[in-house]
Structure formats: C-alpha cells, structure tokens
Amino acid sequence: MEKLTSPRVIDTILRKYDLHFNKRFGQNFLTDENIVRKIVEAAEVGEEDLIFEIGSGIGTMTQVLSECAKKVVSIEIDRKLIPVLKETLADCTNVEIIQGDILKTNIREILGDDLGKMPLKIVANLPYYVTTPIIMGFLESDLCFERMTFMIQKEVGERLCGKPGTKAYGSLSIAAQFYSDVTIDFNVPSHVFMPKPKVDSIVVSFKKLTEPRIHLESQKLFFKVVKASFLNRRKTLINGLTMNTDFEKETILKVLEECGIAPGIRGEMLTGSEFAKIANGLYAFEASMDV
Ligand code: SAM
C-alpha cells in the first residue's frame with residue numbers, strides 16, 4: 001500500500017468510506033512522512049516504550065509509532081474512522097485503538113496493567129480546538145509519564161514557552177512551566193496538512209518535573225494571584241491584585257514590600273518564583289488572621 005501521507009491515498013480512503021474531513025473534530029491530517037518521523041524523534045520514542053496517542057486520524061502517525069515503540073494505545077473520537085483504522089493498521093499488532101473522547105476518558109483504566117511496566121510517552125498531532133484542556137489535564141494529573149510531545153497551534157506553543165517580559169508570557173506559560181520543562185522542537189508549515197489549517201503549527205515537548213520548581217504554601221492561591229495579575233495586562237500589579245482578589249490594598253502593598261517587588265510593575269514582568277513569593281506572603285497573612 002502507498003504511504004498514508006500521500007494526498008491521493010487520503011482521497012481514496014475518504015471516498016471508499018464515504019467520509020469528509022470533520023472540522024468540528026479539528027481534522028487536519030499530515031501529508032509529510034518526514035514531519036511525522038521528526039515528531040516521533042522529538043518524542044524520543046524507544047523500543048521499550050508504551051505510547052499513548054491522541055487522535056489517530058487515519059493512522060498515519062500511529063503506523064510510525066508502532067514501528068518504533070513496544071506498544072501504542074491510540075484514542076480517536078470519530079466513530080467513522082474506526083473501520084478505516086482497522087484497515088490501515090491491520091499489520092500493526094502492537095496497536096490498540098480506543099474509540100472515545102480524550103477529555104471524558106479515564107486514561108489509567110485504558111492503559112490498565114501496562115502502566116508502570118513500560119516508560120509512558122504521550123504523542124499527538126492535537127486537534128487544535130482542545131489543545132489547552134488536554135495539555136493542562138495531563139500536567140495537572142498524577143499520571144506518571146516521561147515525556148509528552150504535541151504538534152499544536154504555533155501561537156499556543158509560544159505562550160506555553162513564554163518568558164517574562166514577552167508578549168507571549170501569561171498565566172498559561174506560568175502554569176505549564178510550573179509543572180514541566182517545556183521546549184520548542186520545530187515549526188511546521190501549514191502546507192503539510194490536508195486540509196491546510198488557517199494557522200501555523202509548532203511541535204512542543206514537555207518533561208514533567210519530579211520535584212516542584214517552587215515551594216508553595218497553597219497552589220490554589222498561587223494560581224489565583226497569577227490569574228489576577230494577568231486579567232488586565234495593562235494594569236499595574238497592585239491594581240490587578242486589588243481589583244481581582246479579595247485582599248485589601250494595604251495588605252497587598254505590605255506583602256509586596258516584604259517581597260521586594262515594586263507595586264507599580266506589570267504582572268508580565270514577574271517570574272513564577274516571584275508570583276510564588278507573593279502568594280506565600282498573602283497565605284501567611286491569611287493564616288495570621290485565622291489565629
Ligand atoms: N494523527 C492524525 C494525523 O496526524 O494525521 C490526525 C490528527 S488530527 C489534527 C486530530 C485527530 O484527533 C482527528 O482524527 C480527530 O478526529 C481526533 N480528535 C478530535 N477531538 C478528539 C477528542 N476529544 N478525543 C480524541 N480524538 C479527538
């Protein structure tokens with residue numbers, strides 16, 4: 001059989017199974033084998049690995065993952081693609097296809113006994129409409145994985161890797177970098193997809209931290225402070241925190257002074273550790289009020 005990346009093959013499959021690209025499911029299939037192999041390489045897939053793939057599509061990346069890994073479990077929401085996958089992956093004996101919605105699926109249950117027996121890596125050409133909930137869902141979960149490599153919308157990738165003082169920096173950068181080391185692997189032009197998406201793409205990898213990068217008294221309060229500081233990007237830190245939290249302005253000013261952080265600075269200039277200092281200061285204030 002010709003390669004699944006061939007637009008002619010994709011067309012033939014669509015006609016044979018009377019299918020149309022489903023925009024609702026973010027279906028943009030890869031048409032460049034070189035890019036598929038580069039993603040698998042960036043994911044550092046090894047022959048002892050268990051791979052969890054999100055969005056099998058017609059099985060293009062699943063086939064390559066199957067060649068390189070011990071076992072591949074791939075989830076696909078679109079029921080109509082299941083008969084296609086039965087055909088395209090007929091020779092891939094180490095692949096298990098699950099029909100379902102990644103956001104409503106218990107991954108531990110799916111992976112079952114294989115979890116913990118092999119190193120787990122997560123790989124996907126993600127449907128762009130659910131990028132953030134999928135990524136944050138994995139980062140916030142206690143699922144033990146070694147690496148996660150995703151092709152996503154370029155703008156989201158830049159936000160995930162954003163550094164203080166840049167336009168891309170925001171609460172998503174802080175959240176992703178709180179849980180993991182995030183790296184940009186490479187850019188992907190829109191002409192390697194069928195149909196061509198309207199946005200540029202990027203491949204990004206996450207290595208989950210085993211120890212938290214920063215000490216927090218309360219994770220909830222930390223994310224509240226971060227969100228409050230970025231809600232109105234043009235406002236100063238003191239105004240953002242006063243407007244968007246329940247703390248009195250005087251309390252916030254006192255905590256900022258203790259932390260050595262200027263109240264007139266913009267939130268986007270602060271590092272994750274500086275936000276942690278503020279959150280821990282506010283936590284200590286709250287605790288002192290309770291006694
Ligand atoms: N892996 C294929 C490739 O690279 O050519 C397809 C990638 S396509 C961008 C995303 C795939 O994810 C589609 O096949 C789509 O049907 C599937 N998908 C969309 N939403 C999903 C969800 N919530 N859960 C599981 N799969 C989903």
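Residues numbered from 1 in each chain as written. Predicted model: local features only at pLDDT ≥ 70, side-chain atom pairs only at ≥ 80, totals over all residues. Heavy atoms only, no water.

Student: Which parts of the structure should I look at to understand the domain arrangement of the protein?
Tutor: Buried accessible area, meaning the area lost when the parts come together, often serves as the stated size of an interface. Looking at the protein, the domain boundaries give domain 1 (7-208) and domain 2 (219-290). Contacts between the two partners involve eleven residues from domain 1, matched on the other side by twelve residues from domain 2. The junction of domain 1 with domain 2 conceals about 860 Å² of combined surface from both sides, 68% of it contributed by carbon and sulfur atoms. Counting across the interface, domain 1 meets domain 2 through zero salt bridges. When its residues are assigned to classes, the side of domain 1 that touches domain 2 shows six nonpolar, four polar and one charged. (Domains from an automatic or database assignment. Contact = heavy atoms within 4.5 Å. Buried area = accessible area lost by both parts, 1.4 Å probe. Salt bridge = Lys/Arg side-chain N within 4 Å of Asp/Glu carboxyl O. Nonpolar A, V, L, I, M, F, W, Y, C, P; charged D, E, K, R; others polar.)

Student: Looking at this structure, how should I read the side chain of asparagine 125?
Tutor: The topology assignment puts asparagine 125 in strand β5 (residues 120-125). There is a polar contact of 3.4 Å between the side chain of asparagine 125 and the backbone oxygen of asparagine 28. (Helix = DSSP H or I, 4+ residues; strand = E, 2+ residues; numbered from the N terminus. Polar contact = N/O pair within 3.5 Å; in protein donor to acceptor, adjacent residues only side chain to side chain.)

Student: So what exactly am I meant to see when it comes to the nonpolar core here?
Tutor: Side chains that are nonpolar tend, in soluble globular proteins, to be buried together. By size, the foremost hydrophobic cluster in this structure holds 63 residues, and its most contacted members are Phe52, Ile54, Phe138, Phe150, Phe222, Phe275 and Ile278. Mapping this core onto the domain boundaries places at least three of its residues in each of domain 1 (7-208) and domain 2 (219-290). For isoleucine 54, the contacting residues outside a window of four places in its chain are Ile75, Ile102, Ile122, Val123, Ala124, Asn125, Leu126, Ile134, Phe138 and Phe150. With 27 residues, the next largest nonpolar core counts Met61, Val72, Tyr128 and Phe193 among its residues. (Core = buried A, V, L, I, M, F, W, Y, C linked by side-chain atoms within 4.5 Å. Buried < 20%, exposed > 50% of the residue type's maximum accessible area, 1.4 Å probe, protein only.)

Student: In this structure, what is going on with helix α9 (residues 219-230)? I would like to understand it.
Tutor: Think of an α-helix as 3.6 residues a turn; residues three or four steps apart then line up on the same face. Over its twelve residues, α9 runs 17 Å from end to end, which matches the ideal 16 Å to within 8%, given 1.5 Å per residue. Taken together, the buried residues of α9 touch α8 (171-179), α10 (237-244) and α12 (272-290). (Expected span 1.5 Å × (residues − 1).)

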